[in-house]
Amino acid sequence: MAPDTAVVLDRAGLDRLIEVLIDDGYRVIGPTVRDNAIVLAELASGRELPAGWGVDSAPGRYRLRRREDAAVFGHSAGPQSWKQFLHPPHRTLWTSDPDVHVQPADEPPTRDAFLGVRGCDLASIAILDRVLGAGAHPDSSFARKRQGLFVVAANCTEPGQVCFCVSMGTGPQVGPGYDIALTERIDEQGHRFLVEVGSAAGERVMALVTARSATEAEISDARAAVAEAANRMYRAMPEVDLPTLLRESRESPHWEDVANRCLTCGNCTMVCPTCYCTTTEDVTDLTGEHAERQQRWVSCFELDYSYVHGGSVRKSGESRYRQWISHKLGTWHDQFGSSGCVGCGRCIAWCPVGIDITAEMSRLAELAERGAADG
Ligand code: SF4
Ligand code: SF4
């Protein structure tokens, strides 16, 4: 970040950025407070941002708390992720009527601007690009939404208690893929956002917003705040070869221990920004004349998920948890060239019994080490 390229917006400038994006035809989606949580929703103005709200989280726990300042990005991840806008939970694939026959469902063109995307979540969008947007048969709905996307990222200066992005290499500094990146700072000099531009589209939008040049001191202050956030992670994945550990732990007694706690509710897969599995269902109206094929998210924790010709392959909770974590942290590498986990911590906070993916992997690593020592 060089002083001649970084600029600063004040709080009114952030509101103006949102106005400019809306005037430019974008649906601006960002964090707001609803139902006692930070959710992601369409914003009509910057007044809807969660000013002064923070989050306390722990395994199986998520609570909003009042902050002592008016930070708008001073909260960690809520129950939702950006996945719901790029890969919606429900979608009609086609409809069929007697006179029209089969036709693909209409999908209005979208031009979304995501505001406040953290490093972990930007990495999760890159994973979805590889899973849904690449290959011989990309998901055309995802590709269309992705193509029109404008990303305003937010560097993280206050990690949540369940975050572990540093050990997954995804944060707190946002990686590539943004149009604009903000670092929010509040001190005696005021409330401001250091802005870095990452694309021509970002440059075009920033030309319409009044911003002043950043000073050297403001740039190093923002850089130091993000670097310091990396030292305040409460959790980390164990530093071992996770795919090998999972492959060699297939028969570990630890799976039974997890199964004794796991409710197989599937919450972890629903909140995960990278879990992408879907199923399709054909439905008709009562006359049988109008038919639709619908797609919806599914979870590998559902018994039906592994149903093959007369029965489910993974009947036990232990086999289903092992499948989820082995894919997420192990075979995802073989399939898509990276881990499927970005360290956002959502699955830890939103697991009703507080199962912690980092703690389970640490325990597996301990057991493997002990087994190796015992010969
Ligand atoms: S790990 Fe937790 S969230 Fe996931 S299925 Fe089991 S109980 Fe539900
Ligand atoms: S597995 Fe958990 S921590 Fe990892 S990306 Fe999914 S929800 Fe986030």
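Note on numbering: residues in each chain are counted from 1, in written sequence order. Chains carry letters from A onward and ligands carry numbers from 1 onward, assigned in written order. Only residues with pLDDT of at least 70 get local features here, since the model is predicted, and only at 80 or more are side-chain atom pairs given and counted; chain-wide, interface and lining totals rely on the full set of residues. For side-chain calculations, the full set of non-hydrogen atoms in the structure is used, while hydrogens and water are omitted.

Just to check I follow, could you spell out helix H7 (residues 216-230) for this structure?
One turn of an α-helix holds 3.6 residues; hence residues three or four places apart share an orientation. By definition, any uninterrupted DSSP run of H or I lasting at least four residues is a helix, any uninterrupted run of E lasting at least two residues is a strand, and each is numbered from the N terminus. Each helix should span, by expectation, one fewer than its residue count multiplied by 1.5 Å. Taking 1.5 Å per residue as the helical rise, H7 with its 15 residues ought to reach 21 Å, and the 22 Å between its terminal C-alpha atoms agrees with that figure. The buried label goes to any residue with under 20% of its type's maximum accessible area, the exposed label to any with over 50%, and the partly exposed label to all in between, with areas taken from a 1.4 Å probe on protein chains only. For H7, the full list of buried residues reads Glu-218, Ile-219, Ala-222, Ala-225, Val-226 and Ala-229. Relative to the axis of H7, the buried residues are bounded by an arc of 130° and lie together on one face. When the buried face of H7 is taken as reference, the exposed residues oriented beyond 90 degrees from it are Glu-216 and Ala-217. Whether two residues touch is decided by their heavy atoms; if any such pair falls within 4.5 Å, the residues are in contact. Buried residues belonging to H7 abut strand S1 (7-10), strand S10 (180-187), strand S11 (190-197) and strand S12 (212-213). Note: the arc covers the axis-to-C-beta directions of the helix.

Whenever I open this one, the sheet that holds S10 confuses me. Can you help?
Sheet strands associate in pairs through backbone hydrogen bonding, adopting either a parallel or an antiparallel arrangement. Strand order in the open sheet made by the 8 strands is S3-S2-S8-S9-S10-S11-S1-S12, with mixed pairing throughout. In the strand order of this sheet, the two ends are held by strand S3 (37-42) and S12, each with one partner. Of the strand pairs in this sheet, strand S2 (residues 27-34) and S3 are connected by 6 bridges, and their pairing is antiparallel. Bridge pairing in S3 links Ile-29 to Glu-42. Paired strands are those between which DSSP finds at least two bridges.

Looking at this structure, I do not really get the site of ligand 1. What am I missing?
Around ligand 1, 13 residues are found, and the nearest of them are Cys-262, Leu-263, Cys-265, Cys-268 and Cys-351. Grouping the amino acids of the shell around ligand 1 by side-chain chemistry returns 10 nonpolar, 3 polar and no charged. Throughout this document, a residue counts as near a molecule or strand when at least one of its heavy atoms sits within 4 Å of that molecule or strand. Basically, the charged four are Asp, Glu, Lys and Arg, the nonpolar ten are Ala, Val, Leu, Ile, Met, Phe, Trp, Tyr, Cys and Pro, and anything else, Gly included, counts as polar.

Looking at this structure, how should I read the sheet that holds strand S14 (residues 291-297)?
Spatially, S7-S6-S14-S13 is the arrangement adopted by the 4 strands of the open sheet, whose pairing is antiparallel. Strands with a single pairing partner mark the edges of an open sheet, and in this sheet they are strand S7 (101-104) and strand S13 (278-284). Going across the sheet, the axis of each strand differs from the next one's by a mean of 20°, ignoring polarity. Bridge count between strand S6 (residues 90-97) and S7: 4 bridges; the pairing is antiparallel. The residue of S7 that forms the bridge with Asp-97 is His-101. Only C-alpha atoms enter the line fits that serve as axes; for helices the fit covers just the stretch in contact. Angles between N-to-C directions range over 0 to 180 degrees.

Just geometry here; none of it tells us what the structure is for.
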